[in-house]
Amino acid sequence: MKIADKIFYGGDYNPDQWDNETIRQDMIYFKEAGINLVTLPVFSWAKLEPDEGVYDFGWLDELMNLFAENDISVCLATPTVAQPAWLSSRYPEVLPVDIAGRRRTHGMRVFFCYNSLKYRQRAAAIAEEMAKRYQNHPALAVWHVANEYGTYCYCPICQAQFRVWLRKRYGNIDNLNEKWNTAFWGRTLYSFEEVMLPTELNDDYRFNPAIQLDYMRFVTDSTAECFENEYRVLKKYTPDIPVQTNMSGYIKKLDQFKMAEKMDIIGWDNYPWPTDDRSFIAFKHDIMRGLKNGQSYMLMEQSPNQQNWQPYNKLKRPGEVRLLSYQALAHGADTCLFFQMRQSIGGQEKFHGAVISHAGHNDTRVFREIKQLGHELAAIGDACVGAYSSSKVGILMDWNNWWALELASGPSKDMNYLSTVAKYYRAFYEQNISIDILGYGADLSGYKIIVAPMLYMLKDNISAKIEKFVNDGGILILTTMSGLVDENDRCVFGAYPGPLRDVAGLWVEETDALFPHEKNGIEFSELLPGFDKRYSCGFLCDLIRLTTAEPLATYTDDFYAGKVCFSRNHYGAGKAYYIGTEPEQAFLNNLAAEICQQAKVQAPFQADEGVEITVRHTETVETIFIINHNSASACVQLGNNVYNNRITAEDVSGRFELAAYDVAVLVRANR
Amino acid sequence: MKIADKIFYGGDYNPDQWDNETIRQDMIYFKEAGINLVTLPVFSWAKLEPDEGVYDFGWLDELMNLFAENDISVCLATPTVAQPAWLSSRYPEVLPVDIAGRRRTHGMRVFFCYNSLKYRQRAAAIAEEMAKRYQNHPALAVWHVANEYGTYCYCPICQAQFRVWLRKRYGNIDNLNEKWNTAFWGRTLYSFEEVMLPTELNDDYRFNPAIQLDYMRFVTDSTAECFENEYRVLKKYTPDIPVQTNMSGYIKKLDQFKMAEKMDIIGWDNYPWPTDDRSFIAFKHDIMRGLKNGQSYMLMEQSPNQQNWQPYNKLKRPGEVRLLSYQALAHGADTCLFFQMRQSIGGQEKFHGAVISHAGHNDTRVFREIKQLGHELAAIGDACVGAYSSSKVGILMDWNNWWALELASGPSKDMNYLSTVAKYYRAFYEQNISIDILGYGADLSGYKIIVAPMLYMLKDNISAKIEKFVNDGGILILTTMSGLVDENDRCVFGAYPGPLRDVAGLWVEETDALFPHEKNGIEFSELLPGFDKRYSCGFLCDLIRLTTAEPLATYTDDFYAGKVCFSRNHYGAGKAYYIGTEPEQAFLNNLAAEICQQAKVQAPFQADEGVEITVRHTETVETIFIINHNSASACVQLGNNVYNNRITAEDVSGRFELAAYDVAVLVRANR
Amino acid sequence: MKIADKIFYGGDYNPDQWDNETIRQDMIYFKEAGINLVTLPVFSWAKLEPDEGVYDFGWLDELMNLFAENDISVCLATPTVAQPAWLSSRYPEVLPVDIAGRRRTHGMRVFFCYNSLKYRQRAAAIAEEMAKRYQNHPALAVWHVANEYGTYCYCPICQAQFRVWLRKRYGNIDNLNEKWNTAFWGRTLYSFEEVMLPTELNDDYRFNPAIQLDYMRFVTDSTAECFENEYRVLKKYTPDIPVQTNMSGYIKKLDQFKMAEKMDIIGWDNYPWPTDDRSFIAFKHDIMRGLKNGQSYMLMEQSPNQQNWQPYNKLKRPGEVRLLSYQALAHGADTCLFFQMRQSIGGQEKFHGAVISHAGHNDTRVFREIKQLGHELAAIGDACVGAYSSSKVGILMDWNNWWALELASGPSKDMNYLSTVAKYYRAFYEQNISIDILGYGADLSGYKIIVAPMLYMLKDNISAKIEKFVNDGGILILTTMSGLVDENDRCVFGAYPGPLRDVAGLWVEETDALFPHEKNGIEFSELLPGFDKRYSCGFLCDLIRLTTAEPLATYTDDFYAGKVCFSRNHYGAGKAYYIGTEPEQAFLNNLAAEICQQAKVQAPFQADEGVEITVRHTETVETIFIINHNSASACVQLGNNVYNNRITAEDVSGRFELAAYDVAVLVRANR
């Protein structure tokens, strides 16, 4: 989907907080900075519908017209993330009940029961009012539904709906008892009406992961319905305008693959922490690109300067916003949007960075940087909008797996799915190997390498797909904590990794948990190309029993010193590597290098360390992003082709040097 | 106000826990130790009024007579801090509701709703009963209302009263919406009836600081009314007996300047921690003296030995109680009172120190120390009772500023107003420069130096007062986080520090937050007198744009290395220093020394380090307190005048040596 | 009590989770491993009674018969720890209310109100149904009631029952007021109906320890009644079958001495942490043996491999389960039972170790170890079953003392009774001196040494018993925090340690609390045999006033340097040592050695460090357990007698060497 013939540049704007003079002045600043899209009115339900069914859209009409006059597009938001006070007080059931069983009172945003029919009715009504009114407005470019969904509610309505959801899923109570293994601890249920929501009131310590797992699924489904409730209304009036909601990205609490199914295009908010590795930010972008099978997405929010809600809100360093913006484009974003255009004078986020700060004028470092970037993006044009990436390496990632793995009690409390996947991602990323993040439903056939970190839960036929992938010649990486449970978190019989035993060529007899300060070692008896003799490892140590696999390396310590911890199994035309522990990053980097060489997967260009390179292509043009993350200049070997740097308009070739923190966007010059 | 012609010496006594023989024995010990005042019956409501309107004062009559016979005055307490069980069970609305929305059950002390009419009615009734009964009793010296107020209640009565309070404050709901900036996140209210108390039920993370700020103001006002409810009754019968409540001192939750307005004299409880710097204890005394514009106060409680409620309750070292007692007198106390005279045999505080311990006799280290002190205080007499201090340095301190600053989300979570003010206080204190703690309402005209640490909130015309102060020749110190918001926590437009920009001669473009382990540096290009070349700094770093100010020092690190962090602006006849970061203590000490020299403000005498010197004066006599905090002897240069040490009755002059931890109280000998 | 003519070997089995084929296969594995007892059906209430009064025992009949056929005994469990869903939903009052006042919902196990009459009625009914049905079944060997009691409930029923309990205890409200010292903070009660349960709703910080103490007593009494409710039913039908409940061992929340009174034999669950010292595990076994005056007990549960609910669940090392099993037998266990026989496929504990793992077969390290142990135990036979230990050293331990000591506010928050007792225990344990853990009710007359760590609470005439013990020639060790309060936590008058002052020959004037990082020192002026010159100490430091005792050592630091911290008092024919601080372990070890020598108490044999030796005897035979905890071989000097090692069937004598982690079970060969 090509959302526009340019890179949308702008962000959230809350003109309902400002007087007309300020707004008029803002238009001048927006033009100066190259802003071409604003998102609004995200939080204006109370103003647009001051009482039930009473609408006041006059002020928004004026704004819409003003933007249209100024050639600024609008990402038009249904204001349904923050219901008006009258809705909460007249219908208290719209307010959520928290995990402690307490009915909340009107206050925060994203503070409603996602299953409340009254909420859904009023949300659909205002969405329809907006759709009818602005369906043909020239400023309307994209729809935006609500904002950063993610509330968990435990009210009686949710309890009733959860029972309905379970009946649909399991058909009858005996089947539910079997799937939840309620015989354990004698938790048998005789009727769906006896199902209690998993809350603080009945759960002291993860008493039944299967219930919690289903509740997380139910909350995702309910939230997706909440989105659809407005989506349907908007599409009725404007079938051609894309509809999205800005997701908090990689948050654990909602299965974003499921949410993505309902959206025309993915929108997400990128708020990295100062301590995040650059690979982690890239990883999150690639998750977003993966949610709809590689389709490009909207970067809906990022901060033009420091945040306010982190413990220590560091200023964005000079050039940092530009670097982050290009990194987004490099990984699949078609837009570059900020929260927020102008800093609020009060409220929780009054110290959140903005394009125009409390100082109220354009004589600031931040404004100057935003303006420079605006001009660069205009020069780049639409070459990369709607473009795709081509990856030969895929990493499996699944929210059900994430939930179940971290709900498990034992063997270690430090189970961290996201950071484990991120470590494997990083191993390829640092070598500029393009990676796709794949759900269990993805087609694996186009890939040469599949990495499946902690594939704890087998479902959706994933083990058969993996077997076929390897049998057909693919290279697979499996790790500890794989193949343990089915989709209801019931353990496999007949040893781990269950149905993956054949492809792995081994079974796992036991798994030791190490204290955080403890380490073991990985030692090769015979060196593999590109590997060192020894690496450190920790966290978990599988005690492996090989069947058809060959040992590659062994533990160095403890009673299992000398036992295999890393193996390879030839299976059909392919190979499966198994890593029975958590190795240090260097091991993973060396493994990634070695198997990429085997599979003939390589980076677009050779470059100095710290230089990130990605390629996005449409049917007609390839756009190359080069980002120098170093605090010194660095080189890329472009070879003999001549490229045009869209930022500087210069042609470049051969040894190409970028200044510290500089960026280049290249397209072939000889077209 | 001169509360007595002697220093009151004694403390809390709970004779309702003891039999007659024990009480008779206590009288003998009291006489031996020089005790001349006891406070009671703080916790005897249940005994005095065993059922509604049924009073039993006989036992108290006997005690009052016994004290009178023994020449011991009574600080007579209304017992209203701990309502009887019948009041809680008959009228459950007197019990508070906590921030989680839970109605508490009868149990703890200070455990009532400060807005409950029933509580107020019964409290006034027993106060009246006591006032009528003892108005002419010879033992009655001071009134004491309740004890250490400070409960926050969130019950329906408080909710209703808060709405009334808001209507009075804002007049109409539109004005409230504007002042609370409810447009942010669409929190518009259509009626005061929609205002919900800020509790855990609607606030996950400081969702609207303005509401919380107003609630803190409301709780202070309600608590002050609670005090006034009894005050009025007592004054009706005994207009000449001073009325106070013992405050927990510098606690954040109540605006003690507001509480002070209602009290005849300040009473407070001094419970330092073993780790407290001596300057911090002095600072708290000076806050107390500042609450009523320099009026002396009652030290109502301190511990004669270890506490019981600290994590590690260290014994008071030999001489430590004496040192702390003199420090109180040195800073403005007119009394020296303890909690408690005799140790309880049971309950939460059974291991709290007491003049008479569980051992039950006078053969203890603690009793001997108390006795020695009692004899010294008798020798000192009333020279300092009701006396004043003369300070040329004032530090601004305001509870609203404290609340709002620490409610703010961003830039750093480690905002700590009290410890920041304490650091500036310490810079002067260590040089024996007398300091007044000033509310925003204070008259600044008599001061030469005003320090305004983190003057985040501008209100009550404080910026104009500050401008005038500097214009008239004063020296001002401003810091980072100044001039950001108005009294409703709404940010200033047109750059920080808002209306203080002119006097500061600069504006602050951005403020970086440092991680706790991070440091930056302050470097002088040209040395100022008394300063070193370099200092470390941290926490926050302002990026400053100078207008009329001159740069004095610059940052040493990060992308803003070389940019100004410390400046001086000549404004009218005065000067304003601006410190854009949190410097190490040495920097502040050098700055204090330098500007004191400029302003010709100096210590009473030169002395060795670790010797504290203060002066208190009445119209006729000056009393000089000298306290040696060192574990070795130390010297003071008294000059040519001859002074009489009231403790030893010796005349001293010239080079005066004090033993380790010793104290002297001097008055001019040649009067 | 001799529970069987063999060591019961087996554990918890949940066949209701398995199909018939799996169960048949399990019988084969059980026989292979020497399993002779299984515990069931602990969690099958929902299956056995699918609706009120509707029973389904057919499946259990089949199992019982199957076990009988296979010569496997059954420890038959009433399934009352986990009530069925219908019971919770039909009678919500069976669900507990938590300390925050929240009625729980059906979910967890051990999740019922122990005072609910409806719960007790239905529990007794199913117990009766089982007793009637299986009273004559050949497989029935032992009864097992519920499982790991320990829920605290705060519901209205408990509130009412607590008031009844208090009325019985105190007779009238005046007496309660006196005993609770409610005069403190004016908490006087006029009627038992005003007593509120101590919950989060009325207690912010240990507001009245006396109430909490009584509530803990009440919960123990109520829980014991809950047990008795079923016990009575079972005994009616099977007077000769022993009845027990598996206790969580040394848990603080229930007074296990009180629980023990109701049980025929003690059962407990041993789940050591990987970081536990071996002495701590031995200590817990000795507590269990102490609960019924030295009677042997059932080890009901231990894990055949890692746990799942610890933060880091380490594998049991090779041989570790064997070592732990023999340590249990060595200290008084008559059984060796595991949780669990087969690993669940789902639920909270699916990763808990089991004899048969998810792999489902016998080809595992764990199975092989279990099998080896089974064969060894069979070889050992019944020599030690029902056997006793003979100890000359007793350590006093009391739950009321534990509760009150740790409820106290002050002098230090780090009060830890269990670990303090464990330190004194360890001092003797490491020298292979047998120790009895004694309640206050124990007969002290047979002991030569009594250790009374932190004997905070004096009650049940314990001080008189101690005086007599010393007077008659015994050696006593007293410590800091002794003799402070009576059974209602009211402090003694007339100085600590109250009634123990005479025997100690001193009084304690003050007690200093040290910060965790602070240390003081213990210094001898004149060396005692076996002691070093100096030791470190910390935590608390008593300031002691000697009366008749002689000083042995003094503090090295602080203002009390040079004052006595360790003393000895000759009293009658005996001696009392007083330790006024917390010394390092070496001091206690040296003290233990010295007084054992004085009292002529010695280890069974001399052995290398790390070798544990215990002796258990019946009237006819003495069984000696030797356990080498070292990772290298070690020696024991057996002397001239010849012993038969029941494990290897070899005769041994003189210098006997055990391999690393090896075990020997010896009986005299020449009988």
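Residues numbered from 1 in each chain as written. Chains lettered and ligands numbered in written order. Predicted model: local features only at pLDDT ≥ 70, side-chain atom pairs only at ≥ 80, totals over all residues. Heavy atoms only, no water.

## Brief notes about the packing of aromatic side chains
- Counted by the stated rule, this structure contains 133 aromatic pairs over all chains.
- Summarising the aromatic geometry, the rings of tyrosine 456 of chain A and phenylalanine 351 of chain C are spaced 6.4 Å apart at their centres and angled 65° between planes, so their arrangement reads as edge-to-face. A residue pair is termed interchain when its members come from two chains, as with tyrosine 456 of chain A in the loop between strand 12 (449-452) and helix 15 (462-471) and phenylalanine 351 of chain C in the loop between strand 9 (335-338) and helix 12 (365-380).
- Taking relative accessible area as the criterion, tyrosine 456 of chain A reaches 0% and is therefore assigned buried.
- With relative accessibility at 7%, the residue phenylalanine 351 of chain C sits in the buried group.
- For the ring pair phenylalanine 227 of chain C and tyrosine 231 of chain C, a centre distance of 5.7 Å and an interplane angle of 40° mean the geometry is tilted. Placement of both phenylalanine 227 of chain C and tyrosine 231 of chain C in helix 8 (residues 209-237) is noted, with a separation of four residues, approximately one turn of the helix.
- For phenylalanine 227 of chain C, a relative accessible area of 0% corresponds to the buried category.
- An aromatic cluster of at least three residues, connected via ring pairs, comprises Tyr152, Tyr154, Phe162, Trp165, Tyr215 and Phe218 of chain A. (Phe/Tyr/Trp six-rings, centres within 6.5 Å; stacked < 30°, edge-to-face > 60°. Helix = DSSP H or I, 4+ residues; strand = E, 2+ residues; numbered from the N terminus. Buried < 20%, exposed > 50% of the residue type's maximum accessible area, 1.4 Å probe, protein only.)

## Examining the interface of chain B and chain C
- Contacts between the two partners involve 53 residues from chain B, matched on the other side by 55 residues from chain C.
- Roughly 4,700 Å² is buried in total at the junction of chain B and chain C, and carbon and sulfur atoms are behind 55% of that figure.
- Among the residues of chain B in contact with chain C, Tyr312, Gln348 and Phe351 of chain B are the three that bury the most area, contributing 17% of the side total.
- The interface formed by chain B and chain C includes seven salt bridges.
- The partner of arginine 365 of chain B in a salt bridge is glutamate 510 of chain C, and the shortest N-O contact between them spans 2.8 Å.
- Contributing elements (two or more residues each) for the side of chain B that touches chain C: helix 4 (85-90) and helix 12 (365-380) of chain B.
- A class-by-class count of the residues in the side of chain B that touches chain C yields 20 nonpolar, 19 polar and 14 charged. (Contact = heavy atoms within 4.5 Å. Buried area = accessible area lost by both parts, 1.4 Å probe. Salt bridge = Lys/Arg side-chain N within 4 Å of Asp/Glu carboxyl O. Nonpolar A, V, L, I, M, F, W, Y, C, P; charged D, E, K, R; others polar.)

## Things to note about the interface of chain A and chain C
- Between chain A and chain C, the residue contacts involve 55 residues of the former and 53 residues of the latter.
- With both chains or domains summed, chain A and chain C bury close to 4,700 Å², and 55% of this area falls on carbon and sulfur atoms.
- The three residues of chain A that bury the most area against chain C are Trp185, Arg187 and Leu201 of chain A, which together make up 16% of that side's buried surface.
- Remark: the boundary between chain A and chain C carries seven salt bridges.
- With its nearest N and O atoms 2.7 Å apart, the salt bridge here joins arginine 102 of chain C to glutamate 200 of chain A.
- The tally of links between chain A and chain C comes to 34 residue pairs in polar contact (both at pLDDT 80 or more). (Polar contact = N/O pair within 3.5 Å; in protein donor to acceptor, adjacent residues only side chain to side chain.)

## Looking at the relation of the copies chain B and chain C
- The two copies are related by a screw operation: chain B maps onto chain C through 120° of rotation and 0.0 Å of translation along the axis, at an RMSD of 0.0 Å. Such a turn and shift between the copies fits a three-fold axis. (Least-squares fit on C-alpha atoms with pLDDT ≥ 70 in both.)

## Considering the sheet that holds strand 2 (residues 37-40) of chain C
All names here are of chain C.
- Strand order in the open sheet made by the six strands is 5-4-3-2-1-9, with parallel pairing throughout. With partners counted over all chains shown, the strands left at the sheet margins are strand 5 (243-244) and strand 9, one partner each.
- Relative to strand 5, strand 4 (residues 140-145) runs parallel, the two sharing two bridges. Within strand 5, the residue paired with histidine 144 across the bridge is glutamine 244.
- Contacts from helix 5 (residues 117-134) reach strand 3 (73-78) and strand 4, with the element oriented near 155° to strand 3. (Pairing = 2+ DSSP bridges. Axes fitted to C-alpha atoms, helices over the stretch in contact; angles between N-to-C directions.)

## Re the packing of helix 8 of chain C against helix 13 (residues 399-407) of chain C
Residue and element names in this part refer to chain C.
- Relative orientation of the contacting elements helix 8 and helix 13 amounts to 150°, with a least axis distance of 10 Å. As far as their axial angle goes, helix 13 and helix 8 are roughly antiparallel. The element helix 8 and its partner helix 13 pack so that their crossing is right-handed. Along the contact surface, helix 8 presents Pro209, Gln212, Leu213, Met216, Arg217 and Thr220, while helix 13 presents Asn400, Trp403, Ala404 and Leu407.
- Residues of the contact of helix 8 with helix 13, tallied by class, amount to six nonpolar, three polar and one charged. (Parallel < 35°, antiparallel > 145°, perpendicular 65-115°, else oblique. Left-handed = near helix turned anticlockwise from the far one by under 90°.)

## Quick notes on unusual backbone geometry
- Residue phenylalanine 339 of chain C is joined to glutamine 340 of chain C through a cis peptide bond whose omega torsion reads 20°.
- Positionally, glutamine 340 of chain C belongs in the loop between strand 9 and helix 12.
- Following tyrosine 496 of chain C, the chain continues to proline 497 of chain C via a peptide bond in cis, the omega torsion being -5°.
- As for its position among the elements, proline 497 of chain C is in the loop between strand 13 (475-479) and helix 16 (501-504).
- One non-glycine residue, tyrosine 661 of chain A, lies in positive phi territory at about 55°.
- Within the secondary structure layout, tyrosine 661 of chain A lies in the loop between strand 27 (655-658) and strand 28 (663-668).
- The backbone of glutamate 148 of chain B shows a phi angle near 40°, a positive value even though the residue is not glycine.
- Assignment of secondary structure puts glutamate 148 of chain B in the loop between strand 4 (140-145) and helix 6 (156-170).

## Some remarks on the pairing of strand 13 (residues 475-479) of chain B
Residues and elements named next belong to chain B.
- The buried fraction of strand 13 amounts to five of the five residues, a majority that puts the element mostly inside the structure.
- Residues of strand 13 alternate between two faces, with Ile475, Ile477 and Thr479 on one and Leu476 and Leu478 on the opposite face, all of them buried.
- Pairing of strand 12 (residues 449-452) with strand 13, which is carried by four bridges, proceeds in the parallel orientation. By the bridge assignment, isoleucine 450 is partnered in strand 13 with leucine 476.

## Quick notes on the side chain of threonine 151 of chain B
Residues and elements named next belong to chain B.
- Within the secondary structure, threonine 151 is located in the loop between strand 4 and helix 6.
- Here threonine 151 falls in the buried class, since its relative accessible area comes to 18%.
- In terms of polar contacts, threonine 151 uses its side chain to reach the backbone carbonyl oxygen of valine 110, at 2.4 Å.
- Here threonine 151 is in contact with Pro96, Val110, Phe111, Phe112, Tyr114 and Val219, once residues within four sequence places are set aside.

## Digging into the pattern of salt bridges
All names here are of chain A.
- Evaluated as defined, the whole model comprises 143 salt bridges over all chains.
- Note that lysine 423 and glutamate 582 form a salt bridge whose closest N and O atoms lie 3.9 Å from each other. Residue lysine 423 is located in helix 14 (residues 417-429), and its partner glutamate 582 is located in strand 20 (residues 581-583); the two are separated by 159 residues in the primary sequence.
- Residue glutamate 582 is classed as partly exposed on the basis of its relative accessible area, which comes to 28%.

## A closer look at the sheet that holds strand 23 (residues 622-628) of chain C
All names here are of chain C.
- Strand order in the open sheet made by the five strands is 22-23-28-25-26, with antiparallel pairing throughout. Looking at which strands have only one partner, the edges of the open sheet turn out to be strand 22 (611-617) and strand 26 (650-652). The sheet shows a mean angle of 30° between the axes of neighbouring strands, direction not considered.
- For strand 25 (residues 643-645) and strand 28 (residues 663-668), the ladder comprises three bridges, and the chain directions are antiparallel. For asparagine 644, the partnering residue across the bridge sits in strand 28 and is valine 667.
- Lying over the sheet, helix 11 (residues 320-331) contacts strand 22, strand 23 and strand 28, oriented at roughly 145° with respect to strand 23.

## Considering helix 8 (residues 209-237) of chain A
Residues and elements named next belong to chain A.
- The end-to-end C-alpha distance of helix 8 is 43 Å, a good match for the 42 Å that 29 residues give at a rise of 1.5 Å each.
- Most of helix 8 is tucked away, with 25 of its 29 residues classed as buried.
- Of the residues that open helix 8, the one with a side-chain oxygen 3.0 Å from the backbone nitrogen of alanine 210 is asparagine 208. (Expected span 1.5 Å × (residues − 1).)

That is the geometry; function is a separate question.
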